[in-house]
Amino acid sequence: MPAYNKILIAVDSSDEAIGVLKQAAEIIEMYKAEAEVLHVAQSPTMAYGPWGEYVPLLHEDQIQERLEERLNERMVDAGLAHIPSKVVFGLPVDTVVRKANEGNVDLIIVGSHGRHGIRLLLGSTANGILHHAGCDVLAVRIRETIDG
Ligand code: AMP
């Protein structure tokens, strides 16, 4: 098994992220690796404003602030408060793969559900990252609270 020096942990905004972060914490410790946590946010939803103009319901910086707060809380819970994290806007698969390439990352950690058998073991984001990444990808099994 290769030694990993630079690890990127990709998390979504669901509560499942905490499980991925906890498992990642063990792996980072095991390899004494440099690490960064990344969440890719969706651009704001648009709606009609009072004068019929098309405006975002929330501005990007408001969304980013809230997502960063939530991510920071989860990182503290997972014992990863010392690791840098980023929330950026974009397409999840493209953004995670690009950031990994730019940062010379040698391992990307994602979550996988695994509740529907082997074919649907990975969700579409995790699957896309696995197929487009230029480095190893580790899919951490997300435990279900209700067995499906
Ligand atoms: P999915 O493929 O959507 O079931 O998500 C599986 C895993 O892909 C998640 O546990 C994360 O590791 C990663 N992922 C999904 N969406 C995002 C996102 N918006 N930003 C970063 N990683 C994500």
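Numbers given for residues are sequential positions, taken from 1 along each chain in its written order. Reporting of local features is limited, given that this is a predicted model, to residues whose pLDDT is at least 70; pairs of side-chain atoms are given and counted only at 80 or more, and all residues count toward the totals for whole chains, interfaces and linings. Values reported for side chains reflect all heavy atoms of the structure, with hydrogen atoms and water molecules removed beforehand.

## Details of the site of the ligand
Here's step 1: Here a residue is near a molecule or strand as soon as one of its heavy atoms is found within 4 Å of it. Close contacts around the ligand come from 15 residues, with Ala10, Val40, Gly111, Thr125 and Ala126 the closest.
Here's step 2: Polar contact is defined as a pair of N or O atoms within 3.5 Å, subject to the rule that within protein one atom must be able to donate a hydrogen and the other to accept it, and that residues adjacent in sequence are counted only when both atoms are side-chain atoms. Valine 40 is positioned with one of its backbone polar atoms (N or O) 2.8 Å from a nitrogen atom of the ligand.
Here's step 3: Residue burial considers only the protein chains on display, and all accessible areas are found by Shrake-Rupley using a 1.4 Å probe. Across the complex, the protein chains shield 88% of the 480 Å² of accessible surface that the ligand would expose by itself.
Here's step 4: Gly is placed with the polar residues, together with every amino acid not listed as nonpolar (Ala, Val, Leu, Ile, Met, Phe, Trp, Tyr, Cys and Pro) or charged (Asp, Glu, Lys and Arg). Across the shell around the ligand, the residue classes tally to eight nonpolar, six polar and one charged.

## Re the nonpolar core
Here's step 1: Definition used in this section: a nonpolar core is a set of buried Ala, Val, Leu, Ile, Met, Phe, Trp, Tyr and Cys residues joined via side-chain atoms within 4.5 Å. Relative accessibility thresholds used throughout: buried, under 20% of the residue-type maximum; exposed, over 50%; partly exposed, between the two (1.4 Å probe, protein chains only). The biggest cluster of nonpolar side chains holds 28 residues, and the ones touching the most others in it are Ile7, Ile9, Val11, Leu21, Val37 and Ile109.
Here's step 2: The way it works is that DSSP assigns letters per residue, a run of H or I at least four long becomes a helix, a run of E at least two long becomes a strand, and they are numbered from the N terminus. Listing elements by their share of this core, those giving two or more residues are strand 1 (6–10), helix 1 (17–31), strand 2 (34–41), helix 2 (60–77) and strand 6 (107–112).
Here's step 3: By residue number, the principal contributor to this core is helix 1, which donates eight residues.

## Considering the sheet that holds strand 7 (residues 136–141)
Here's step 1: Only strands joined by at least two bridges in the DSSP assignment are considered to pair. Across the sheet, five strands lie side by side as 5-2-1-6-7; this open sheet has parallel pairing. What marks the edges here is a single partner per strand, and that holds for strand 5 (85–89) and strand 7. Averaged over all neighbouring strand pairs, the angle between strand axes comes to 25°, with direction disregarded.
Here's step 2: For strand 2 and strand 5, the ladder comprises five bridges, and the chain directions are parallel. Looking at the pairing, alanine 41 lines up with phenylalanine 89 of strand 5.
Here's step 3: Contacts from helix 1 reach strand 1, strand 2, strand 6 and strand 7 within the one sheet, and its direction differs from that of strand 1 by about 175°.
Here's step 4: Seen against the sheet, helix 3 (residues 92–102) touches strand 1, strand 2, strand 5 and strand 6 and runs at an angle of roughly 155° to strand 2. Axis geometry follows a simple rule: fit a line to the C-alpha atoms, using only the stretch in contact for helices, then measure angles between N-to-C directions, giving values from 0 to 180 degrees. Whether two residues are in contact is decided by their heavy atoms, any of which lying within 4.5 Å being enough.

## Quick notes on the environment of isoleucine 129
Here's step 1: Examined against the element boundaries, isoleucine 129 turns out to sit in helix 4 (residues 124–132).
Here's step 2: Each C-alpha atom, one on isoleucine 129 and one on isoleucine 108, is 8.5 Å from the other, the two residues being 21 residues apart in sequence.
Here's step 3: For isoleucine 129, the contacting residues outside a window of four places in its chain are Val93, Val96, Val97, Ile108, Val110 and Val137.

## What about a nonpolar patch on the surface?
Here's step 1: A cluster of nonpolar side chains, Met46, Tyr48 and Tyr54, forms an exposed patch at the surface whose accessible area comes to about 400 Å².
Here's step 2: For methionine 46, the location among the structural elements is in strand 3 (residues 46–48). Two distance rules govern patches: like charges are joined within 9 Å, and nonpolar side chains (Val, Leu, Ile, Met, Phe, Trp, Tyr) within 5 Å, applied only to residues with over 30% relative accessible area and no salt bridge. Note on definitions: salt bridges are taken to be side-chain nitrogens of Lys or Arg within 4 Å of carboxyl oxygens of Asp or Glu.

## Side note on the packing of aromatic side chains
Here's step 1: For Phe, Tyr and Trp, rings pair up if their centres lie within 6.5 Å, where Trp contributes its six-membered ring, and each pair is then called stacked (planes under 30 degrees apart), edge-to-face (over 60) or tilted (otherwise). As enumerated under the stated definition, the model contains two aromatic pairs in all.
Here's step 2: Residues tyrosine 4 and tyrosine 31 carry aromatic rings whose centres are separated by 5.2 Å and whose planes lie at 75° to one another, so their mutual orientation is edge-to-face. Here tyrosine 4, found in the segment before strand 1, pairs with tyrosine 31, found in helix 1; they are 27 residues apart in sequence, far enough to count as distant.
Here's step 3: With a centroid separation of 5.2 Å and 45° between ring planes, the pair formed by tyrosine 48 and tyrosine 54 is classed as tilted.

## Considerations on the pattern of salt bridges
Any two side chains of opposite charge can pair, given that their charged atoms come close.
Here's step 1: For the structure shown, the criterion picks out five salt bridges.
Here's step 2: Ionic pairing is found between glutamate 36 and lysine 86, a salt bridge with its closest N-O pair at 3.6 Å. Remark: lysine 86 occurs in strand 5 and glutamate 36 occurs in strand 2; sequence separation between them is 50 residues.
Here's step 3: Accessibility expressed as a relative area gives 25% for glutamate 36, which makes it partly exposed.
Here's step 4: Given a relative accessible area of 36%, lysine 86 falls into the partly exposed group.

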